[in-house]
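Results of the structural survey
Listed below, chain by chain, are the residues.
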Number of protein chains: 2
Amino acid sequence: MLTHTAEDYLERIYMLSLRLERVKSSDIAKEFGIRTPSVISALKLLKEKGFVHYRKHGAVTLSEKGMERALDVYDRHKTTYRFLRFVLGVPDGIASADACGMEHSVSPETADAMKDFFSFIRLKKDAGVDIQGEFQKFRKEKPTVGKRARYSDTDSGTRRLSVVKDGIRCVILKLDGDREVKRRLLDMGVIPGETVEIRNRGPLGFPIEILIQGYVLTLRRDEAESVIVREA
Amino acid sequence: MLTHTAEDYLERIYMLSLRLERVKSSDIAKEFGIRTPSVISALKLLKEKGFVHYRKHGAVTLSEKGMERALDVYDRHKTTYRFLRFVLGVPDGIASADACGMEHSVSPETADAMKDFFSFIRLKKDAGVDIQGEFQKFRKEKPTVGKRARYSDTDSGTRRLSVVKDGIRCVILKLDGDREVKRRLLDMGVIPGETVEIRNRGPLGFPIEILIQGYVLTLRRDEAESVIVREA
DNA sequence: CTATAAAATTAGGCAGACCTAAAATAAGCC
DNA sequence: GGCTTATTTTAGGTCTGCCTAATTTTATAG
Ligand SMILES: [Mn+2]
Ligand SMILES: [Mn+2]
Ligand SMILES: [Mn+2]
Ligand SMILES: [Mn+2]
């Protein structure tokens, strides 16, 4: 495993090697805005681990292993950058900075999905459906989403969200049940204090579509059962 | 400024406080799978910086400042998670892990764009256009994108991409010109060794639409002028 | 080919984020 | 209330990633 910084060094050495025939430690320092001694010790670590070739006063080159990793990081960078910039319309400089941070956490699955989404959008565009353009228009017209709902102190019976009727506004009191289910609910923003309402449901009663914080989410029965609510 | 880890501590303390009335250092250690002494020293730092309240053998609580930051991180987590999961269709566990890494690098601009895209998709769905569903179908049908093109050693004249005719396949030799422009080109994957072809262009000759690595990108004149190519 | 300037490296330091082992404190039980 | 056990904290250590100051090596210019 490599740290984020180590990945950044490899990526940057690769980028520099595209335009310099000899990459020196000072070139790297300049790129990152840090001091050369910091670069030297980073290079020593990368060398020990077999990612770069480097001799005193010599040029830095990527080993085969290093090149592989550098290309991998760079691919995640590009993919993320393009996605932010051309799908979400994030401004250039911000997209670049975000991508260089996010690239270290993007799994292959996520990278693939972003690539595919990009192709998908392109395909739709060729078919006359400009998703990106429509999204930009949508953003211009509609301002931002509302703020976090506040806990409200009305009193009435507590129950599980799984037994609440459609269209009734409830306040989430707590979550119980399986650890994984709770984690997933928290990931989605289903947390105590929020207001929730069942908007729609599947033919068998589940899954249910809930409205929370202005979003619509889908919950399975077991998920709905872990949510303890009170009518608001 | 807080480190990624410090942000994670705040986020986790917040999450724990939703289901425990007293959050102890050992609870945090358990959540992160680390040892209590590590948590203690992290808490000391967070306390020094005014993000948590904490006394020996007492419970940890978030200060006002800490709560603000925790909610902020958690919001980026949720937003990223939902986006990965429900727009891109990344599997649950992976989306969760990726989100918890990416959340620290997501700018407010990116977070807003993700939220808006989510609403946009929901709006389209209500209007009968299921972007997410179509995307999933698209992914199932179309396998993955091809691999990186290799540098090819044919010889012929070198020129700038800005003067190349449409439909001619070229190999990128180098980039020159403004630092910012180069950075942007590298961000997009326009790098030496890649094959590129102009696919389409604006009414005034620019911007041009290029095909590179299976993607279509748009380049402005100044960008195209920085790309030195040779016909392949 | 030497003197001087520039670049690179070494030495030593500090902070964050983890660890283990030992000591202090709190909790539970007769 | 005192004894035993569990929890929490302290002490001290490692590794990464940055720094400044001093030294060594390389480049350049007369
Ligand atoms: Mn990076
Ligand atoms: Mn990057
Ligand atoms: Mn995180
Ligand atoms: Mn998180």
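These notes cover the structure that comes with them.

The rules behind the values
- Residues numbered from 1 in each chain as written.
- Chains lettered and ligands numbered in written order.
- Predicted model: local features only at pLDDT ≥ 70, side-chain atom pairs only at ≥ 80, totals over all residues.
- Heavy atoms only, no water.
- Donors = N, O, S within 2.8 Å, 3.2 Å for Na, K, Ca; no water.
- Buried < 20%, exposed > 50% of the residue type's maximum accessible area, 1.4 Å probe, protein only.
- Axes fitted to C-alpha atoms, helices over the stretch in contact; angles between N-to-C directions.
- Helix = DSSP H or I, 4+ residues; strand = E, 2+ residues; numbered from the N terminus.
- Parallel < 35°, antiparallel > 145°, perpendicular 65-115°, else oblique.
- Left-handed = near helix turned anticlockwise from the far one by under 90°.
- Contact = heavy atoms within 4.5 Å.
- Nonpolar A, V, L, I, M, F, W, Y, C, P; charged D, E, K, R; others polar.
- Least-squares fit on C-alpha atoms with pLDDT ≥ 70 in both.
- Pairing = 2+ DSSP bridges.
- Near = heavy atom within 4 Å.
- Polar contact = N/O pair within 3.5 Å; in protein donor to acceptor, adjacent residues only side chain to side chain.
- Buried area = accessible area lost by both parts, 1.4 Å probe.
- Salt bridge = Lys/Arg side-chain N within 4 Å of Asp/Glu carboxyl O.

This part is about the coordination of the manganese ion (ligand 3). Residue and element names in this part refer to chain B. Within the protein, Asp8 (OD), Cys100 (O), Glu103 (OE) and His104 (NE2) serve as the donor atoms for the manganese ion (ligand 3), at 2.0 to 2.2 Å. All donors of the manganese ion (ligand 3) come from a single chain, and their spacing in sequence reads D-x91-C-x2-E-H. The distance between the manganese ion (ligand 3) and the manganese ion (ligand 4) comes to 3.7 Å, and Cys100 binds to both of them. Both residues of the pair, Glu103 and His104, count as buried.

What follows is about the packing of helix H4 (residues 64-87) of chain B against helix H6 (residues 108-126) of chain B. Residue and element names in this part refer to chain B. Two numbers describe how H4 lies on H6: the axes approach to 10 Å, and their chain directions differ by 40°. The orientation of H4 with respect to H6, classified from their angle, is oblique. The two elements H4 and H6 meet at a crossing, and its hand is left-handed. Between H4 and H6, the residues in contact are Asp75, Thr79, Thr80, Arg82, Phe83, Phe86 and Val87 and Ala111, Met114, Lys115, Phe117, Phe118 and Ile121, respectively. Partitioned by chemical class, the residues of the contact of H4 with H6 number eight nonpolar, two polar and three charged.

There are two copies of the chain, and a rotation about an axis plus a shift along that axis relates them. For these two chains of identical sequence, chain A goes onto chain B by a turn of 180° and a shift of 0.0 Å along the axis, with RMSD 0.1 Å. Taken together, the rotation and translation describe the operation of a two-fold axis. Scanning chain A for the C-alpha nearest the rotation axis identifies Met102 of chain A, at a separation of 2.5 Å. The share of interface residues of chain A whose copies in chain B are also at the interface is 100%, consistent with both copies meeting through the same surface.

This next bit is on the sheet that holds strand E5 (residues 195-201) of chain A. Remark on secondary structure: sheet strands pair via backbone hydrogen bonds, oriented parallel or antiparallel. Residues and elements named next belong to chain A. The antiparallel open sheet is built from six strands, whose spatial order is E3-E8-E4-E5-E6-E7. Two strands lie at the open edges of the sheet, namely strand E3 (158-160) and strand E7 (215-219), each paired on one side alone. Ignoring which end each strand starts from, the neighbouring axes of this sheet average 45° apart. Sheet topology places strand E6 (residues 208-212) next to E7; five bridges connect them, and they run antiparallel. In the strand pairing of E7, Ile208 is matched with Leu219.

What follows deals with the protein's contact with DNA strand C. Neighbouring DNA strand C are 20 residues; Ile40, Tyr54 and His57 of chain A together with Thr3 and Ser38 of chain B lie closest to it. Sugar plus phosphate: this is where 82% of the atoms of DNA strand C within 4 Å of the protein reside. With respect to DNA strand C, the side chain of Ser26 of chain A contributes an N or O atom lying 2.8 Å from a phosphate oxygen. Thr3 of chain B is positioned with one of its side-chain polar atoms (N or O) 2.4 Å from a phosphate oxygen of DNA strand C. At the level of elements, helix H2 (25-32) and helix H3 (36-48) of chain A together with helix H1 (4-19) and helix H3 (36-48) of chain B are the ones that each hand at least two residues to the surface near DNA strand C. In terms of residue count, H3 of chain A provides more of the surface near DNA strand C than any other element does, four residues in total. Across the surface near DNA strand C, the residue classes break down as seven nonpolar, eight polar and five charged.

Facing the 70 residues of chain A at the interface are 70 residues of chain B. Among the residues of chain A in contact with chain B, Arg82, Asp187 and Tyr215 of chain A are the three that bury the most area, contributing 10% of the side total. Linking chain A to chain B there are 14 salt bridges. Measuring nitrogen to oxygen at the nearest pair gives 3.5 Å for the salt bridge that ties Asp126 of chain A to Arg199 of chain B. Across the contact surface, chain A and chain B share 29 residue pairs in polar contact (both at pLDDT 80 or more). Sorting the residues of the side of chain A that touches chain B by element identifies helix H1 (4-19), helix H4 (64-87), helix H5 (92-102), helix H6 (108-126), helix H7 (131-141), helix H8 (179-188), E6 and E7 of chain A as the ones contributing at least two each. In terms of residue count, H6 of chain A provides more of the side of chain A that touches chain B than any other element does, 15 residues in total. Of the residues belonging to the side of chain A that touches chain B, the class tally is 34 nonpolar, 11 polar and 25 charged.

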